[in-house]
Amino acid sequence: MHLLTCLLTLAVISLCAAERACNNSPELCTQPYDQITHLGAHSSPFLRDASTGFSSFGNHFFNTTIQLDAGVRLLSAQVHVASNAETKARELHLCHSSCELFDVGLVHKWFWEIRVWMDANPNEVVTLLLVNMDSVDAKELQAEYSKADLAHYGWVPSAASDAPVLPGGNHKVWPTIGELIDKGERLVSFVNPLVPNAENTPYLLNEFDFLWENAYDVTNPTNFTCTPDRPSNTTTVHEMRRSGRLFLMNHMLYWQQAFNIKTPDARRVEETNSWNRLGGVGNHLLECEDQLKRQPNFVLVDFFNVGPAMASVDRINGIVRPVGRRNVTTEVVEGKPRTRILADAGGAARPSTMALIVALAVMVMTDGA
């Protein structure tokens, strides 16, 4: 009994003394939100797996939970107005282009998946990018957040329609990752389009008040650029930098098919999500960093596990040994069983320190019963 109690005490001391990892790295705790690159899963909930019959419109082989486990910290999705199949009542669904084409269900159910993950991972900051296809108002979106009890994680800026600018500006700089975690405001939500409602939904931010993007509909791997496309394709990179907006770098390659149909190009994704192969995300990050004089804030990719795209983001962030991540196969798994999915980063699966502490506590209580 005495030995087990000592082991438990030592384990607790070890856990408390361990350096905190934020977004999978101790180095990121002190970094401002706008001074690092966040890996994003483009169209996160739209899967190309057995659940969708390996739909060619799917953007990822693994679901949102696995994306987050593997280090993705930006999730994008399209929100559409749909009708309940039985009651015909108005509902908000996650659909790809149209609900007749690809409907993966209710928005709040996806939000619930995110909320469950965030509850279990208290040192992680997540960003949502919602494409508001039918321009629903902020209060209707609020209802989806409320059903999943997700809004309490929302980050609220000092002024909902006035984006924090770069150091040297007239407004507050973005908080650090650690500050967002300490304050409990670990979810940053951008919506496009959105009429901000500071009174009722201050955590829902109109995307283009805060961000700008390059082109997203590239079909040739040599055509990735850093040129502003939205909110205005008439501005320059320098003008966007001066605006204080953060840069979301789209890096998705589409396959142009008949009848002007475009689908995510899984044929070339090993190159697209590589560091320096043809159309590689690493080269694109470096090119935009050179033009912008600072690294891109977000990079959106399809098939996040291939490449792997995460390795390029770690490299640009200067992260050598990520903490607490799950390894996911880097293979294209289209039409294949999902094998070798989950293991702790750096090796085979093993129990966490907390799991060991719980096990020791059970042993102590059992011994004393």
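### Re the environment of threonine 227
- Position of threonine 227 relative to the elements: it lies in the loop between strand S8 (211-213) and helix H7 (237-243).
- Taking the C-alpha atoms as reference points, threonine 227 and valine 237, 10 residues apart in sequence, are found 6.3 Å from one another.
- Apart from the residues within four sequence positions on either side, threonine 227 is in contact with Trp212, Glu213, Asn214 and Ala215.

### Considerations on helix H4 (residues 138-147)
- Inspection of H4 places Ala138, Leu141, Glu144 and Tyr145 among the buried residues, and these make up the whole buried set. Axial view of H4: buried residues confined to an arc of 115 degrees, hence all on one face.
- Buried residues belonging to H4 abut strand S2 (74-83), strand S3 (90-96), helix H3 (107-120), strand S5 (126-132), strand S6 (187-192) and strand S7 (204-206).
- Structurally, the start of H4 carries an N-cap: the backbone nitrogen of lysine 139 is 3.2 Å from a side-chain oxygen of aspartate 137.
- The positive-phi residue at the C-terminal boundary of H4 is aspartate 149, with phi of around 50 degrees.

### Some remarks on the packing of aromatic side chains
- For the structure shown, the criterion picks out 12 aromatic pairs.
- With a centroid separation of 4.5 Å and an interplanar angle of 55 degrees, the aromatic rings of phenylalanine 111 and tyrosine 145 are classed as tilted. Residue phenylalanine 111 is located in helix H3, and its partner tyrosine 145 is located in helix H4; the two are separated by 34 residues in the primary sequence.
- Given a relative accessible area of 0%, phenylalanine 111 falls into the buried group.

Criteria and thresholds
- Residues numbered from 1 in each chain as written.
- Predicted model: local features only at pLDDT ≥ 70, side-chain atom pairs only at ≥ 80, totals over all residues.
- Heavy atoms only, no water.
- Helix = DSSP H or I, 4+ residues; strand = E, 2+ residues; numbered from the N terminus.
- Contact = heavy atoms within 4.5 Å.
- Buried < 20%, exposed > 50% of the residue type's maximum accessible area, 1.4 Å probe, protein only.
- Arc of directions from axis to C-beta.
- Polar contact = N/O pair within 3.5 Å; in protein donor to acceptor, adjacent residues only side chain to side chain.
- Phe/Tyr/Trp six-rings, centres within 6.5 Å; stacked < 30°, edge-to-face > 60°.

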